[in-house]
Amino acid sequence: MSKNDTHYPTDQLLRYTFLEQDVRGELVQLSTSYQRMILGHDYPAPVQRLLGELMAATSLLTATLKFEGHISIQIQGDGPVNFVAVNGSHHQELRGIARVRSEIADDMNDLRTLMGAKAVMVITLTPLEGERYQGVVSADNDSIARVVEDYFMQSEQLRTRIWLFADGEHAAGMMLQVMPAAGTTLEAFEHLEHLTDTISAVELFTLPGEQVLHRLYHEEHVELYPAQPVSFKCGCSRDGTLEALASVSPEELREIIAEEGAVVMTCEYCQTQYRFTEQDL
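None of the values given here were measured: they were computed from a predicted structure. (Residues numbered from 1 in each chain as written. Predicted model: local features only at pLDDT ≥ 70, side-chain atom pairs only at ≥ 80, totals over all residues. Heavy atoms only, no water.)

**Considerations on the side chain of D11**
Looking at the element boundaries, D11 is found in the segment before β1 (12-18). Among buried charged residues, D11 stands out as having no salt bridge; its nearest opposite-charge side chain is R36, 11 Å away. Among all residues touching D11, those that are not within four sequence positions of it are Q29, L30, S31, T32, S33, Y34, Q228, P229 and V230. (Helix = DSSP H or I, 4+ residues; strand = E, 2+ residues; numbered from the N terminus. Buried < 20%, exposed > 50% of the residue type's maximum accessible area, 1.4 Å probe, protein only. Lys, Arg positive; Asp, Glu negative; His and termini not counted. Salt bridge = Lys/Arg side-chain N within 4 Å of Asp/Glu carboxyl O. Contact = heavy atoms within 4.5 Å.)

Rendered as structure tokens:
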């Protein structure tokens, strides 16, 4: 399916709750924002999928924030991909990057193969007001979804299930989470988990979110909240890049300008190039 075949609203997140169970859910579908994130990077297909899954996961986690601020999810490892990260804000503005250090075959799709057995996931929460929090969990697993589930179990003791999909053009994810008021019974959650397990990547890539939820939960009483748009936003600027150059000695900058004609800085997230001459510095 080409990009132009999608006629329903994408790049949005849907939040919902089940009225008769203490369970909440989220569904995110990404296309333009995901394509913009990987544009110009020439990532191998497995890395495109990895970054798409992490983008969907970050969107899902961003929607759980109880404050205004930012969330960063990083996976660091000793595999062919040694670093992948996505940052998000409470406005669902996301950006991300991956760093590849060796050749990657098309069939290298599980997380452990790409990132290595010693990989860790670092989740950093930075509220606009208040203290910064950072959690670390082992990423020695076959998927980002399983690692995020482990994070919620360790940090908040909340039963959580995550479904993530990406194909280089579309990315999508779903999350179910037990509410703190649910107590110890998990029967309702396991029932909803079983229903959600029937979802496919094709359905999430090609159907409107409301239709997906109806297909999965038509026998349940679901309260759906207004959709929240998701976008790619780098946040780089010419002024910010110029400030970063302040850490370089004027002599070194003049040498570069003499040899190259200008200092050229490329944003690692969006690939925008900023060109500075001696008059700019």
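Continuing now.
**A few points about the sheet that holds strand β7 (residues 133-138)**
Each strand in a sheet pairs with another by means of backbone hydrogen bonds, the pair being arranged parallel or else antiparallel. If you walk across this open sheet you meet the six strands as β7-β6-β3-β4-β5-β12, and the pairing is mixed. Each edge of the sheet is formed by a strand with only one pairing partner; in this case those strands are β7 and β12 (231-232). Relative to strand β6 (residues 120-127), strand β3 (residues 69-76) runs antiparallel, the two sharing eight bridges. Residue I71 lies in a different strand from β6, and its bridge partner there is L125. The sheet strands contacting helix α2 (residues 45-62) are β3, β4 (81-89), β5 (93-100) and β6, and the helix crosses β4 at an angle near 35 degrees. With respect to the sheet, helix α4 (residues 144-155) is in contact with β3, β6 and β7, its orientation differing from that of β7 by roughly 125 degrees. (Pairing = 2+ DSSP bridges. Axes fitted to C-alpha atoms, helices over the stretch in contact; angles between N-to-C directions.)

**Considering the environment of W163**
In this structure, W163 sits in strand β8 (residues 160-166). By relative accessible area, which is 6% here, W163 ends up buried. It is 24 Å that separates the C-alpha atoms of W163 and R99, two residues lying 64 residues apart in sequence. At a separation of 3.0 Å, a polar atom in the side chain of W163 contacts the side chain of D197. (Polar contact = N/O pair within 3.5 Å; in protein donor to acceptor, adjacent residues only side chain to side chain.)

**A short note on a negative patch on the surface**
On the surface, a cluster of negative charge is made up of E252, E255, E259 and E260. Structurally, E260 can be placed in helix α9 (residues 250-260). Residue E260 is classed as exposed on the basis of its relative accessible area, which comes to 59%. (Patch = residues over 30% accessible without salt bridge, like charges linked within 9 Å, V, L, I, M, F, W, Y side chains within 5 Å. Areas by Shrake-Rupley, 256 points an atom, 1.4 Å probe, with all protein chains shown as cover. Charge placed at Lys NZ, Arg CZ, Asp CG, Glu CD.)

**Digging into the packing of aromatic side chains**
Evaluated as defined, the whole model comprises four aromatic pairs. With a centroid separation of 5.9 Å and 45 degrees between ring planes, the pair formed by Y16 and Y217 is classed as tilted. With Y16 in strand β1 and Y217 in helix α7 (residues 209-217), this residue pair connects regions lying 201 residues apart in the sequence. In this pair, the class of Y16 matches that of Y217, namely buried. Ring geometry for Y151 against F152: centres 5.6 Å apart, planes inclined by 65 degrees, an arrangement best described as edge-to-face. Each of the two residues, Y151 as well as F152, counts as buried. An aromatic cluster of at least three residues, connected via ring pairs, comprises Y16, F18 and Y217. In this structure, R15 is placed above the aromatic ring of Y225, and the distance from its NZ or CZ to the ring centre is 5.1 Å. When the ring centre of Y269 is taken as origin, the NZ or CZ atom of R95, which lies over that ring, is 3.8 Å away. (Phe/Tyr/Trp six-rings, centres within 6.5 Å; stacked < 30°, edge-to-face > 60°. Lys NZ or Arg CZ within 6 Å of the ring centre and 35° of its normal.)

Function cannot be read off these values alone, since they describe shape.
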